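Residues per chain are reported as follows:
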Amino acid sequence: MADLTSTFVGITSPNPFWLASAPPTDKEYNVRRAFEAGWGGVVWKTLGQAGPPVVNVNGPRYGAIYGADRRLLGLNNIELITDRDLYTNLEEIKRVKADYPDRAMIVSIMVPCEEEAWKEILPLVEDTGADGIELNFGCPHGMSERGMGAAVGQVPEYIEMVTRWCKQYYSKPVIVKLTPNITDIRKPAAAAKAGGADAVSLINTINSITSVNLDSMSPEPSIDGQGSHGGYCGPAVKPIAMSMVSEIARDPETSGIAISGIGGITTWRDAAEFMTLGCGNVQVCTAAMTYGFKIVQEMISGLSEWMDEKGHTSIDDFRGAAVPNVTDWQYLNLNYVAKAQINQDLCISCGRCYAACEDTSHQAISMSDDRVFEVIDGECVACNLCVNVCPVEDCITMEAMTPGTIDPRTEKVVEPDYANWTTHPNNPAATTAAE
Amino acid sequence: MAHSPFSPGVAAGRLDADAYQDNFSDLHPALDPHEALVAADRCYFCHDAPCITACPTDIDIPLFIRQIATGTPDAAAKTILTQNIMGGMCARVCPTETLCEEACVREMAEGKPVLIGQLQRYATDHLQAQDVHPFTRAAATGKTVAVVGAGPAGLSCAHRLAMLGHDVTVYDARSKAGGLNEYGIAAYKAPDGFAQAEVDWLLKIGGISVEYETALGADISLDGLRAQFDAVFLGMGLGGVNALAIDGGDRDGVLDAVDFIADLRQAKDVSALPVGRDVVVIGGGMTAVDAAVQSKLLGALNVTLAYRRGRDRMNASVFEQDLAASKGVRIMTHVAPVALHGNGSVREIEFEYMNDDMSGTGQTVRIAADQVLRAIGQTLEGDVLPALDGGKIAVNATGQTSVDGVWAGGDCAAGGDDLTVTAVAEGRDAAMDIHARLTA
């Protein structure tokens, strides 16, 4: 059986599934239950400065987007960092870590952007025996209005500065958690690296309004008739998170820095995908909040089975395996020609491919009087929309044309060799003249 | 209870009160809002959807289901009712398994169609519960139309004509409107007075007056109507029943299934309805199944549905056959009745086993029967009618009969399945043709 042991920036955990810094990791009771359920590690809910704790709203903190049968696809929240006393949290962290020495215990921190503030809290955290810290530079609501969280994460210079302080006043690994509410995720990642961070974790939540109540005209979640943008998370954000992870993994300036993947990870498969894009481990929150801690059992069994099936003995065997295949559009092979193919045995004649192609794409699917749908190769640009809207898995597939055959759409021979936009004759900036 | 299922002969009160209550409650309980959303979400919103083609009234099913899915069931109801003003009843009685749901691509894909009938009911019930009528009449045309028969065909025709601005007088031989919806379908398909509630709601369009207990041929004549009105629509259904021409066919205990069902539908207290211990229903259509199932639900110990051909030839849908079987009705096929035996009242029925080609095998069988219900087809009554075709009024595609100014639809007209939904479609289409004629 595959060994799921994860060693991330020197921190070992029995599996790569950590609970992200969030409501599920706010206190000893939850974290002990999480460890009992099998989670490999937790990032404790963000600690703030000593003194009066922050206060949360006393109305709804979460809003949701649903799919069929009220399946939760996206969650947003306006909860702040821990609203419990700093010292209570520190004592609990110390106790739990002592009782679960094999699990990863990371402490998330957010204090004002002043060296003194960090200098003050870091020794206290060091004293808990926790394995590392995560800097919350991502929280997009509430704390950012006070110059913390995403307000820091959106300024690379601040990230570098604070990271440097942390490396100076704290001896163990420092993970910088990045906000996605930024144009180019590589900039804050590079800043973290420059500041000496051991790793970045991403993504934090995305600014969002989940819905507007059309009776009260209040955004949801509604606090006395008003709403504030909250942090969006859950399955809906996974594609955004994976793209950002891949950008950091493949950019020369940031590649090599350890990445802890976060963003809509719900199943073992999601986790594996993040890892192939370079993540050493993953952090989960919404899935646990939706289904409870038990889901980690499926994540462990699923990842283990898949690794066995593929012959991977450790996570390092496949970590980053997909990174070389993430490229810029300009390097995609323009000589690769595919055509949609409809498997008539699987087709249930719903006609969705036809409606999509006829109304919104390339008029490349025909419909007969008896509802047989066929691809018109001479029109098909292989856009894949028919595959995407078809309700039957594998009924429509994209089949690559054999080099040497003629594409009936362009009436040109399908070339066997790779050629991309950089050398294309239509490109005014082509680096090589066309033959 | 005065009797039990074992009490011999024809007797009432065979069950306790709770059993009657359970037996005659809704066959398909209404979907609750969440169930409706889940069911609606399964619709693929097919292009040029096969379910629409399969619906005799061409309801835009994917559209109304999407309207349910997006939280606007009243808009869904309007989509339905625009095509089929009796969408509420059709949602209850349509053999959806041979119409829209059979055509549903999910039936092909996984053998589980979208619950179109139940979703239609969800939408129409939602609208009807608000006791508002969603349509308004066009400006008055000054034209008048007589509609004979207040069943699905007649009411559909009347509603459409009234909506288009014509004044309509509906004549019905019975004391209530609704036709077979009120008198002819199983009680558990439309409990709680739904048929009358739907009629009342439908008539809210205005411009329709109903004359009860006025029968064509007795109280009014086709010529008289033609003279008095600008157009006439005949939708009086099939008033006659086929006789059972065998030895002993007139014994006590033998009655028409349609009367049995009508009595049951009109009964204030079903426990007061007498039913045999050993009931035999002769026939293979929906009426036969409705009578057989309801005999069982009234407490008959043994109910046999006897049909002269195989199950595949029965007019009752497979769903109906399975429903009967699940209620404990024995379906006996390839038997034709040859005699009823008994001393005054019927005690036994004798059948001959039949070959597939309807020739007799010469072998006979007798089974106990203290009540025999005939469901062997209905016939058109009346002698002064437009030209007939196969015993029914001949019509063209828009319902015109051989008599100028006279249209017909529903069960009394030739062609089409004898379904509620078909009758609604024929009434509606005839109305559109009448309107075209009157406003030409």
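Residues numbered from 1 in each chain as written. Chains lettered and ligands numbered in written order. Predicted model: local features only at pLDDT ≥ 70, side-chain atom pairs only at ≥ 80, totals over all residues.

Participant: Quick one: what's the story with the overall build of chain B, residue by residue and with numbers?
Facilitator: What chain B contains, in helices and strands, is 17 helices and 19 strands. The C-alpha radius of gyration computed for chain B amounts to 22 Å, which stays within 12% of the reference 22 Å derived for 440 residues, consistent with globular compactness. For chain B, the proportion of its 440 residues judged to be buried stands at 49%. Long-range pairs, those at least 24 residues apart, make up 69% of the contacts in chain B between residues at least 6 apart in sequence. (Helix = DSSP H or I, 4+ residues; strand = E, 2+ residues; numbered from the N terminus. Rg over C-alpha atoms; globule rule 2.2 N^0.38 Å. Buried ≥ 20, exposed ≤ 12 C-beta atoms within 10 Å, placed from the backbone. Contact = placed C-beta atoms within 7 Å.)

Participant: Tell me about the interface of chain B and chain A, and name the residues and values.
Facilitator: With 10 residues of chain B at the contact, the number on the chain A side is 12 residues. The element contributing the most residues to the side of chain B that touches chain A is helix H8 (residues 105–110) of chain B, with three residues.

Participant: Can you tell me about the nonpolar core, naming the residues and giving the values?
Facilitator: B:Ile68, B:Phe233, B:Val281, B:Ala292 and B:Leu305 are the most contacted members of the largest nonpolar core, which totals 158 residues. Once residues lying within four places of it in the same chain are set aside, the contact partners of B:Leu305 are B:Val281, B:Ala288, B:Val289, B:Ala292, B:Ala324, B:Val329, B:Ile331 and B:Met332. Residues A:Ile133, A:Cys166, A:Val237 and A:Ala287 belong to the second largest nonpolar core, which totals 95 residues. (Core = buried A, V, L, I, M, F, W, Y, C linked by C-beta atoms within 7 Å.)

Participant: Describe in detail the environment of B:Leu264, supporting the description with residues and values.
Facilitator: Residues and elements named next belong to chain B. Within the fold, leucine 264 resides in helix H14 (residues 257–266). Using a count of 21 C-beta atoms within 10 Å as the deciding quantity, one classes leucine 264 as buried. Residues leucine 264 and valine 372, 108 residues apart in the sequence, show an inter-C-alpha distance of 16 Å. Ignoring sequence-local partners within four residues, the contact set of leucine 264 consists of Ala187, Val270, Leu273 and Gln294.

Participant: Got a sec to walk through the environment of B:Leu119? Specific residues and values, please.
Facilitator: Residues and elements named next belong to chain B. Relative to the assigned elements, leucine 119 resides in helix H9 (residues 116–128). Considering only alpha carbons, one finds leucine 119 and proline 8, 111 residues apart in sequence, at a separation of 43 Å. The residues touching leucine 119, leaving out its near neighbours within four places in the chain, are Ala36, Ala39, Ala40, Ile65 and Ile68.

Participant: Could you give an account of the sheet that holds strand S2 (residues 144–148) of chain B, naming the residues involved and the relevant values?
Facilitator: All names here are of chain B. Reading across from one edge, S4-S3-S2-S5-S19 is the order of the five strands in this open sheet, with parallel pairing throughout. Strands with a single pairing partner mark the edges of an open sheet, and in this sheet they are strand S4 (208–211) and strand S19 (406–408). Strand after strand, the sheet turns through a mean of 20° between neighbouring axes, direction not considered. (Pairing = 2+ DSSP bridges. Axes fitted to C-alpha atoms, helices over the stretch in contact; angles between N-to-C directions.)

Participant: Which residues make up the domain arrangement of chain B, and what values go with them?
Facilitator: Residue and element names in this part refer to chain B. The assigned domain composition of chain B is domain 1 (33–128), domain 2 (144–239 + 380–438) and domain 3 (241–378). Between the C-alpha centres of domain 2 and domain 3 the distance comes to 30 Å. The interface is formed by seven residues belonging to domain 2 together with nine residues belonging to domain 3. Residue classes in the side of domain 2 that touches domain 3 are distributed as five nonpolar, one polar and one charged. (Domains from an automatic or database assignment. Nonpolar A, V, L, I, M, F, W, Y, C, P; charged D, E, K, R; others polar.)

Participant: Report on the packing of helix H8 (residues 268–276) of chain A against helix H10 (residues 295–310) of chain A, specifying residues and quantitative values.
Facilitator: Residues and elements named next belong to chain A. At a minimum axis separation of 8 Å, H8 and H10 run at an interaxial angle of 60°. Between H8 and H10, the angle is such that the two are oblique. Handedness of the crossing formed by H8 with H10: right-handed. Packed against H8, whose contacting residues are Trp268, Arg269, Ala271 and Ala272, the element H10 presents Glu298, Met299, Gly302, Leu303 and Trp306 at the interface. Among the residues forming the contact of H8 with H10, the class breakdown is six nonpolar, one polar and two charged. (Parallel < 35°, antiparallel > 145°, perpendicular 65-115°, else oblique. Left-handed = near helix turned anticlockwise from the far one by under 90°.)

Participant: I'd like a description of helix H2 (residues 33–41) of chain B, backed by residues and values.
Facilitator: Residue and element names in this part refer to chain B. Buried within H2 we find Ala36, Leu37 and Ala40. Looking straight down H2, one finds its buried side chains confined to an arc of 100°; they lie on one side. Buried positions along H2 lie against helix H4 (61–69) and H9. (Arc of directions from axis to C-beta.)

Participant: Please provide a residue-by-residue account of the sheet that holds strand S13 (residues 348–354) of chain B, values included.
Facilitator: Residue and element names in this part refer to chain B. Taken together, three strands build an open sheet; the order of strands is S12-S13-S14 and the sheet is antiparallel. The open sheet has two free edges, formed respectively by strand S12 (335–341) and strand S14 (360–368), since each of these has just one partner strand. Taking the axes of each pair of neighbouring strands and ignoring which way they run, one obtains an average angle of 25° across the sheet. As judged from the six bridges shared by S12 and S13, these two strands associate in the antiparallel manner. Each bridged residue has a counterpart across the sheet, and for proline 337 the counterpart in S13 is phenylalanine 351.

Participant: Residues and numbers for helix H5 (residues 156–169) of chain A, please.
Facilitator: Residue and element names in this part refer to chain A. When the terminal C-alpha atoms of H5 are compared, their 20 Å separation across 14 residues agrees well with the 20 Å that a helix rising 1.5 Å per residue should span. Within H5, burial applies to Pro156, Ile159, Val162, Thr163, Trp165 and Cys166. Residues of H5 that are buried in the fold lie against helix H3 (115–126), strand S8 (132–136), helix H4 (150–153), strand S9 (174–177) and helix H6 (186–194). (Expected span 1.5 Å × (residues − 1).)

Participant: Just give me the short version of the environment of B:His3, but keep the residues and values in it.
Facilitator: Residue and element names in this part refer to chain B. Examined against the element boundaries, histidine 3 turns out to sit in the segment before strand S1 (10–11). Under the C-beta neighbour-count criterion, histidine 3 is labelled partly exposed, with 17 such atoms within 10 Å. In the structure, histidine 3 is positioned 70 residues away from proline 73 in sequence and 46 Å away in space, judged by C-alpha atoms. Apart from the residues lying within four places of it in its own chain, the contact partners of histidine 3 are Ala11, Gly13 and Arg14.

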